[in-house]
Amino acid sequence: MRVEVRTSRAEETRELGEAIAALLRPRDALILTGELGAGKTTFAQGVARGLGVEENISSPTFTLVKEYTGILDLAHVDVYRLDRMQDVVDLGLEELGHGDAVLLVEWGDTVEELLPEERLRVELTTDPGREDDARSIVVAAVGEGWAERFAELEAAVMPWVAPA
Ligand code: ADP
Ligand code: MG
């Protein structure tokens with residue numbers, strides 16, 4: 001189950017995150033992948049906005065995880081360097097996923113085996129040869145947990161589905 005969308009500026013990526021946030025439930029896990037500058041934190045800002053987090057969210061550069069209070073709580077993890085892998089293990093990312101917060105992990109590739117089995121993968125890529133601000137974003141459901149919500153998800157992201 002996957003859907004591909006496209007955004008043409010940062011605010012649109014936030015709006016996409018906000019639209020997806022409306023479907024989130026406690027303990028959902030979102031894994032954001034993509035190169036530095038792809039827009040993972042920007043997307044996370046939209047999710048936070050959609051969850052009613054009032055605080056401005058930025059990349060947790062000096063702390064591995066930042067927690068925010070909203071309609072649902074949000075745990076934002078940024079595994080920005082591979083050598084932080086051990087920190088992630090120490091942190092017990094799986095434990096975080098067992099709290100009631102929505103777990104949102106940037107650069108999930110490196111930690112994917114530690115994460116809850118049910119998750120939403122959001123892969124952001126810049127578009128070489130196109131405008132700098134365009135992003136291609138694939139949203140994919142991993143595990144059965146999203147199956148019942150996937151139609152809703154597709155409807156929510158419809159405004160950003162690239163015309164064929
Ligand atoms: P990452 O967390 O993946 O390293 P950031 O979200 O911190 O990326 O940075 C993305 C940068 O790209 C921001 O400066 C943002 O304003 C800019 N940007 C431009 N267009 C887009 C877009 N369509 N979606 C997301 N970010 C965009
Ligand atoms: Mg980031």
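Read on for a plain summary of the structure.

### Re the nonpolar core
If you look at the biggest cluster of nonpolar residues, it comprises 33 residues, and the most contacted ones within it are Leu24, Phe43 and Leu51. Of all the secondary structure elements, the ones that give two or more residues to this core are strand 1 (2-7), helix 1 (10-21), strand 2 (29-33), helix 2 (40-50), strand 5 (102-106), strand 6 (119-126), strand 7 (135-142) and helix 5 (150-157). Looking at this core, the element that brings in the most residues is helix 2, giving four residues. Aside from chain neighbours lying at most four places away, what touches Phe43 is Thr13, Leu16, Gly17, Ile20, Leu30, Leu32, Val122 and Leu124. By size, the runner-up hydrophobic cluster in this structure holds 11 residues, among which are Leu64, Val77, Val105 and Leu115.

### A word on the site of ligand 1
Close contacts around ligand 1 come from 16 residues, with Thr13, Gly37, Lys40, Thr42 and Asp133 the closest. Thr13 is positioned with one of its side-chain polar atoms (N or O) 2.6 Å from a nitrogen atom of ligand 1. Within the complex, 75% of the 570 Å² of free accessible area of ligand 1 lies under protein. For the shell around ligand 1, the secondary structure elements donating two or more residues are helix 1 and helix 2. Sorting elements by how many residues they give to the shell around ligand 1 places helix 2 first, with three residues. A per-class count over the shell around ligand 1 returns three nonpolar, seven polar and six charged.

Parameters and conventions
Residues numbered from 1 in each chain as written. Chains lettered and ligands numbered in written order. Predicted model: local features only at pLDDT ≥ 70, side-chain atom pairs only at ≥ 80, totals over all residues. Heavy atoms only, no water. Core = buried A, V, L, I, M, F, W, Y, C linked by side-chain atoms within 4.5 Å. Buried < 20%, exposed > 50% of the residue type's maximum accessible area, 1.4 Å probe, protein only. Helix = DSSP H or I, 4+ residues; strand = E, 2+ residues; numbered from the N terminus. Contact = heavy atoms within 4.5 Å. Near = heavy atom within 4 Å. Polar contact = N/O pair within 3.5 Å; in protein donor to acceptor, adjacent residues only side chain to side chain. Areas by Shrake-Rupley, 256 points an atom, 1.4 Å probe, with all protein chains shown as cover. Nonpolar A, V, L, I, M, F, W, Y, C, P; charged D, E, K, R; others polar.

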